[in-house]
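Architecture and fold: a report
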Amino acid sequence: MTREEKSIAIEDLTAQLAGTNIIYVSDISGLDAETTSNLRRACFKAGVKLEVVKNTLLAKAMEASDNDYGDLPSVLTGNSAIFIADVANAPGKIIKDFRKKSAKPLLKGAFINSEIYIGDDQLDALATIKSREELIGEIIGLLQSPAQRVISALQNQFANSEETEA
């Protein structure tokens, strides 16, 4: 790879990092062609971009980024692939699902909304992070229940007062 090609690759990675707040770094080395294809297909269905990257180029892109990746560059050893997503738990769920049948992918680390997660032991926590939509749904559900009780009580009160007047 020429110096110019490396420079273009770093610019490309920097632009990808700037466009998201959710990045998982993993090791997918050793997966056979069929498993890799299945992983890519699962990522595509979930709206997750999977890309194998060179560690040095990714480290330089992280340095050039406006985000603070903290200790995340320290995990950039061996083979690395990045999962880029819009939903925080999507890559975690995909990795966890694949781990039922295989030892890989291994989670090296993740950057989610300025939070840094290092190590494969973080996978369960990352897979259970609630998405924005899930949180909003829960909040609406929690707010609806008391509101429905108040409305029901008012309706009962109104019905009782009409019966009393009649």
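Analysis parameters
Residues numbered from 1 in each chain as written. Predicted model: local features only at pLDDT ≥ 70, side-chain atom pairs only at ≥ 80, totals over all residues. Heavy atoms only, no water. UniProt positions renumbered as here; feature names shortened; annotations may be inferred. Helix = DSSP H or I, 4+ residues; strand = E, 2+ residues; numbered from the N terminus. Polar contact = N/O pair within 3.5 Å; in protein donor to acceptor, adjacent residues only side chain to side chain. Contact = heavy atoms within 4.5 Å. Buried < 20%, exposed > 50% of the residue type's maximum accessible area, 1.4 Å probe, protein only. Pairing = 2+ DSSP bridges. Salt bridge = Lys/Arg side-chain N within 4 Å of Asp/Glu carboxyl O.

Where an unreviewed UniProt entry is consulted, the protein appears under the name Large ribosomal subunit protein uL10, with the organism given as Flavobacterium gilvum. A UniProt comment under Function (unreviewed entry) is attached to the protein, and it reads "Forms part of the ribosomal stalk, playing a central role in the interaction of the ribosome with GTP-bound translation factors."

The residue lysine 104 is located in the loop between α4 (90–98) and β4 (106–112) in this model. A polar side-chain atom of lysine 104 sits 3.4 Å from a polar atom in the side chain of aspartate 27. Sequence-distant contacts of lysine 104, that is, excluding residues within four places in its chain, are made with Asp27, Ser29, Leu31, Phe98 and Arg99.

Moving on: the pairing of strand β1 (residues 22–27). For β1, the tally of buried residues reaches six of six residues, placing the bulk of the element in the interior. Alternating positions in β1 separate into two faces, Ile22, Tyr24 and Ser26 on one and Ile23, Val25 and Asp27 on the other, with burial throughout. Two strands pair when backbone bridges link them, and β1 and β4 are joined in this way by six bridges, in the antiparallel orientation. Each bridged residue has a counterpart across the sheet, and for valine 25 the counterpart in β4 is glycine 109.

It is worth spelling out the pattern of salt bridges at this point. Overall, the coordinates contain five salt bridges when judged by the stated rule. A salt bridge links aspartate 27 to lysine 104, with the shortest nitrogen-to-oxygen separation between them at 3.4 Å. A residue pair is termed long-range when its members are at least 10 positions apart, and aspartate 27 in strand β1 and lysine 104 in the loop between α4 and β4 qualify at 77 residues. Each of the two residues, aspartate 27 as well as lysine 104, counts as buried.

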